[in-house]
Each structure stands twice: as structure tokens, then as C-alpha cells.
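If you want the building blocks of each chain, they are given just below.
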Amino acid sequence: MGMLDWIRTPVIGPGPLGNGVWRRVHDRFARAVRRYRAVIDVVPSRPVRAELAEIAEDLDEILELVREACAHAQAVAPSEGPDVPVGPGDVYLDVHRRLARAATLCARASESAMMTRVAVRMKDADSVRDHIDAARRTVKQVREMVEGAVI
């Protein structure tokens with residue numbers, strides 16, 4: 001696709017995520033995953049990059065769960081604006097809060113990956129291990145947050 005081809009690309013519609021809060025929280029999470037991948041692509045050590053790539057695969061799986069959760073939420077509580085739909089017992093507020101928190105945690109995993117990159121450049125093996133472990137722990141929290149958001 002050329003640089004301006006997106007202008008000529010017809011808009012088919014909002015799809016299963018709508019144009020409201022569910023689309024935005026999904027896109028926020030997807031941006032965080034892309035950012036993580038961009039960070040690890042420039043890690044100078046192949047073994048470290050491979051280990052961080054395993055974590056990225058987990059994030060890719062979680063992104064699919066986020067998409068499913070957002071599509072389901074849009075189906076049962078449609079949103080086309082900035083407000084989270086009201087539901088019984090504030091269930092949709094909780095779903096949205098969990099997904100937004102998961103996106104923030106995903107960004108934190110990117111920070112750990114960036115610090116891993118810095119530690120590799122400084123040849124600090126202990127810090128490399130610490131930051132990789134921090135990324136793994138954070139992604140575990142991301143998964144728990146997303147799994148708790150499924151209605």
C-alpha cells in the first residue's frame with residue numbers, strides 16, 4: 001500500500017468493535033503490543049531478543065482475547081461514543097477498567113524490554129535477567145487482567 005492509498009481505501013464500517021469505547025480500548029492495547037514488538041526488534045543480543053519474542057507471542061495471544069472481549073462487549077453493550085455503557089452492577093465499567101489497565105501494564109512490559117535493551121548494551125547480565133523477569137511478571141498480570149474482563 002502506497003503512502004496515500006489509505007485515502008482511497010473505502011471505509012466498510014466499524015466492524016464488530018464499533019466506534020466507541022470498546023474500539024478505543026482494543027486499539028490502545030494493540031498499540032502497546034506493537035510498541036513492545038518495536039522495542040524488542042532493536043535489542044542487539046539475539047538470545048535476549050528471542051526470549052523477549054517469546055513474551056511478545058504471549059502478548060499476541062492476549063491481544064486476541066482482548067479483541068474477543070471487546071467484540072462481545074460491543075455485541076451486548078454497544079458503544080458508539082466516549083461513555084462506557086451502564087450495565088447491571090457496573091459490569092461494563094469493570095470490563096473496560098480491566099482492559100484499560102491491561103493496556104497500561106502492556107506498556108509497562110515495553111518499558112522492561114527497553115531497560116533490557118539498555119542492560120544488554122551495558123553488558124550487565126544481572127540487569128538483563130531482572131528486566132526480562134519483570135516483563136514476564138507484567139505479562140502474567142496482563143493475562144490475569146484480561147481474563148478477568150471476559151463476561
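Per-chain numbering applies: the sequence of each chain, read as written, is numbered from 1 onward. Residues qualify for local features only when their pLDDT is at least 70, as the model is predicted, and side-chain atom pairs are given and counted only at 80 or more; totals for whole chains, interfaces and linings, by contrast, use all residues. Water and hydrogen atoms were dropped before computing side-chain values, which therefore reflect all heavy atoms in the structure.

### Remarks on the confidence of the model for the chain
Then, number 1: Mean pLDDT over the chain works out to 91, with 91% of the residues at or above the 70 mark.
Then, number 2: Helix α1 (residues 5-8) is the least confidently modelled element of the chain, averaging 44 in pLDDT, while helix α5 (residues 125-147) averages 98, the highest of any element.
Then, number 3: One confidence number per residue, pLDDT, is output by the predictor and ranges from 0 to 100. Contact between two residues is taken to exist if any of their heavy atoms lie within 4.5 Å; hydrogens are not considered. Contacts of residues 1-12 to residues separated by more than four positions or lying in other chains number two contacts, the stretch itself having pLDDT below 50. Helix numbers and strand numbers start at the N terminus; a helix is a DSSP run of H or I with at least 4 residues, a strand a run of E with at least 2.

### What about the nonpolar core?
Then, number 1: Membership of the largest hydrophobic core comes to 44 residues, with the highest contact counts inside it found for Trp22, Phe29 and Tyr36.
Then, number 2: Mapped by element, the contributors of at least two residues to this core are α2 (21-40), α3 (46-76), α4 (91-121) and α5.
Then, number 3: Looking at which element gives the most residues to this core, the answer is α4, with twelve residues.
Then, number 4: Not counting residues within four places of it along the chain, the set of residues in contact with phenylalanine 29 comprises Leu59, Ile62, Leu63, Val66, Ala102, Ala103, Cys106 and Val142. Here the nonpolar core consists of buried residues drawn from Ala, Val, Leu, Ile, Met, Phe, Trp, Tyr and Cys, with membership extended through side-chain atoms lying within 4.5 Å. Exposure is judged per residue with a 1.4 Å probe applied to protein chains only, and the accessible area is read against the type maximum: over 50% gives exposed, under 20% gives buried, and values in between give partly exposed.

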